[in-house]
Amino acid sequence: MTVTEEIQALREGIDGLDRELLELLNRRMDYARRIGEIKARHGIDPFDPAREEAICRCLTARNRGPLSDESVRAIYREILAASRILQQPLGVAFLGPEWTYSHLAAISLFGHNARYVPHRTLIDVFDALNKNLAHIALVPVENSLEGGIAQTMDLLYERPVVIVRECYLEIAHCLAGRGGEVAAVKRIYGHPHALAQCRRWVFENLRHAELHESASTAQAAQHAAKDPEGAAICSLQAACHHGLKILAERVEDHSGNTTRFFALGHRKNAPTGHDKTSILFAVPDKPGALYTALEPFARWQLNMTRIESRPNRLMPWQYLFFSDFEGHRDDPQIEDSLQALSERTSFLKILGSYPRSDPMKPIRFDFEKVRFGGEN
Ligand SMILES: C=C(O[C@@H]1C=C(C(=O)O)C=C[C@H]1O)C(=O)O
């Protein structure tokens, strides 16, 4: 057998499997369409994030390779997106323009087959959800280097929203320009957070360049595309989208730069057995108030994964606490703790229970694939 014949024989195997896969996928879509019809008749929201996460979790648990678990998830992200679109295209509002890290986070959760609508400000993103112009609002919550995103925290306090998903995205910045070399760059465009995250690299490599703040990393790429002597600090995807050349990769000062995002909706999730719950509360101004409020969580051995305070802007010198812990609000121990908490706090808002993601395994976008699609 020649090499060509050998490859041809194996390709026949692949072609046969692809035909079977297509047949199976269409049968799967048919079930989803039928479920969609039942949901439409009964006014049920077509999108069920907890069910989707349960499917992915069950499949990755069964997976014996050679597919990696990340690949199984990536494939199912798109299968689920194609399935959802048969029921109703999912409208996702995010902080634009296109190819911001928020856009990438949204794609990592909902696949390429959704109706993504960029908005100019975080307030507009929340408004899109509250005015029912989108099913989901995708917002950044905290960054591993810079901490909580103040405006998101304030809006979570003010607006009636429910957290339905979380995701951690690795923030990998590049320096991208219209051409030339790093040394020829006279102006650097970047979002203030991105500039701050690359401060040392810029000092060491482009000490004399002027720094220009942009409203987003994607807008920085737009500016760089118009300035022959300029460059942007942005994602590879934003650079490719604006036809920029990658002058340097991974220019952030610390590896492990990760941003956490919330997908907000209106409907409470069912438990998946692997959830996290986020709450927001204020305590009365008296000794031991915070300790007393949290005591039931310790008694039930609930794992608190975050606690962060923000000034309450409606009541000066009072504080709001944002806290996350493992488990679902319907779990008996958490129900009990939340009941006790409501009696010991001056304000309590349960922001939602949602499938838990691992901050140590953030979503990474495939660099090679992006470069292949771009100019470089
Ligand atoms: C088909 C359904 O609707 C949507 C599509 C899903 C799927 O394709 O498996 C899962 C959850 C929902 O977001 C369902 O609720 O089961």
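Residues numbered from 1 in each chain as written. Predicted model: local features only at pLDDT ≥ 70, side-chain atom pairs only at ≥ 80, totals over all residues. Heavy atoms only, no water.

**A short note on the pattern of salt bridges**
Two side chains carrying opposite charge are able to pair once their charged atoms lie near each other. The condition is simple: Whenever Lys or Arg places a side-chain nitrogen within 4 Å of a carboxyl oxygen from Asp or Glu, that contact is recorded as a salt bridge. Counting from the N terminus, the helices are DSSP H or I runs at least four residues long and the strands are E runs at least two residues long. Partly exposed residues are those whose accessible area sits between 20% and 50% of the maximum for their type, while under 20% is buried and over 50% is exposed, using a 1.4 Å probe and protein chains only.
With the rule as written, the count across this model stands at 24 salt bridges. For R260, the salt bridge is made with D324, and the minimal N-O distance between the two is 2.7 Å. Taken together, the residues span a long stretch of sequence, with R260 in strand β11 (residues 258-265) and D324 in strand β14 (residues 319-326) at a distance of 64 residues. R260 sits in the buried class, given a relative accessible area of 1%. Accessibility expressed as a relative area gives 2% for D324, which makes it buried. One connected set of salt bridges, linked through shared partners, spans E142, E166, R260, K276, R306, E308 and D324.

**What about the pairing of strand β7 (residues 187-190)?**
Each regular strand carries side chains that alternate between the two faces of the sheet. So the rule is basically this: Any two strands with at least two DSSP bridges between them are considered paired.
Here β7 pairs with strand β8 (residues 210-213) via four bridges, running parallel. Along β8, the bridge assignment pairs Y189 with H212. The pairing of β7 with strand β9 (residues 230-234) spans three bridges and is classified as parallel. For Y189, the partnering residue across the bridge sits in β9 and is A232.

**So, the site of the ligand**
Rules: Whether a residue is near a molecule or strand depends on its heavy atoms: it is near if one of them lies within 4 Å of it. Polar contact is defined as a pair of N or O atoms within 3.5 Å, subject to the rule that within protein one atom must be able to donate a hydrogen and the other to accept it, and that residues adjacent in sequence are counted only when both atoms are side-chain atoms. Any residue outside Ala, Val, Leu, Ile, Met, Phe, Trp, Tyr, Cys, Pro, Asp, Glu, Lys and Arg is labelled polar, Gly included; the first ten of those are nonpolar and the last four are charged.
Within the structure, the ligand sits among 13 residues, and K39, D48, E52, S83 and Q87 are positioned closest to it. One of the side-chain nitrogen or oxygen atoms of E52 is found 2.6 Å away from an oxygen atom of the ligand. Sorting the residues of the shell around the ligand by element identifies α1 (3-41), α2 (49-62) and α3 (69-87) as the ones contributing at least two each. Here the element with the most residues in the shell around the ligand is α1; it accounts for four residues. Grouping the constituent residues of the shell around the ligand by class yields six nonpolar, two polar and five charged.

**Let's talk about the sheet that holds strand β13 (residues 304-311)**
Convention followed: In this analysis an axis means a line fitted to C-alpha atoms, helices contributing only their contacting stretch, and an angle means the value between N-to-C directions, from 0 to 180 degrees.
In space, the four strands of this open sheet follow the order β13-β14-β12-β15, with antiparallel pairing throughout. Strand pairing shows two members of the sheet lacking a second neighbour, β13 and β15 (347-355), which therefore form its edges. Averaged over all pairs of adjacent strands, the angle between their axes in this sheet comes to 15°, without regard to strand direction. For β13 and β14, the ladder comprises seven bridges, and the chain directions are antiparallel. Its bridge partner being in β14, R306 is matched across the sheet by D324.

**Concerning the side chain of T259**
Under the convention used in this document: Here a residue-residue contact requires only that any non-hydrogen atoms of the pair lie within 4.5 Å.
Inspection of the secondary structure puts T259 in strand β11. Discounting residues that sit within four places of it in the chain, T259 has contacts with P140, E142, N143, C167, Y168, L169 and I171.

**What to know about the UniProt feature "domain: Prephenate dehydratase" (unreviewed entry) in the protein chain**
Heads up, the condition is: UniProt positions are given in the numbering used here, feature names are shortened, and annotations may be inferred rather than shown by experiment.
Annotation from UniProt places "domain: Prephenate dehydratase" (unreviewed entry) at residues 91-266. Here residues 91-266 runs as 32% helix and 34% strand, with 13 Å between its end C-alpha atoms.

**A closer look at the packing of aromatic side chains**
Definition in use: Paired rings are identified among Phe, Tyr and Trp, the last through its six-membered ring, by centres lying within 6.5 Å, and are further divided according to the angle between planes into stacked (under 30 degrees), edge-to-face (over 60) and tilted (the rest). When the NZ atom of lysine or the CZ atom of arginine is within 6 Å of a ring's centre and also within 35 degrees of its normal, the charge is said to sit over that ring.
Tallied over the full model, the rule gives six aromatic pairs. Ring geometry for F47 versus F110: centroids 5.5 Å apart, planes at 75°, classification edge-to-face. With F47 in the loop between α1 and α2 and F110 in helix α4 (residues 101-110), this residue pair connects regions lying 63 residues apart in the sequence. Here F47 falls in the buried class, since its relative accessible area comes to 4%. Positioned above the aromatic ring of F203 is the side chain of R207, whose terminal nitrogen or guanidinium carbon lies 4.4 Å from the ring centre.

**Some remarks on helix α11 (residues 289-299)**
As a reminder, the rule being used: For this quantity, the arc is that covered by the directions from the helix axis to the C-beta atoms.
Among the residues of α11, A289, A293, L294, P296 and F297 are the ones counted as buried. With its buried residues spanning 130° around the axis, α11 presents them on a single face. The exposed set on the far side of α11, more than 90 degrees from its buried face, consists of Y291 and A298. Looking at the buried side of α11, the elements it contacts are β12 (275-282), β13, β14 and α12 (332-344).

**Some points on the pairing of β12**
With eight of its eight residues buried, β12 lies for the most part within the structure. Neither face of β12 is open: one carries D275, T277, I279 and F281, the other K276, S278, L280 and A282, and all of them are buried. Both β12 and β15 contribute to a ladder of eight bridges, which runs antiparallel. What sits directly across from I279, in β15, is I350. With six bridges connecting them, β12 and β14 associate as antiparallel partners. Directly across from K276, in β14, lies its bridge partner E326.

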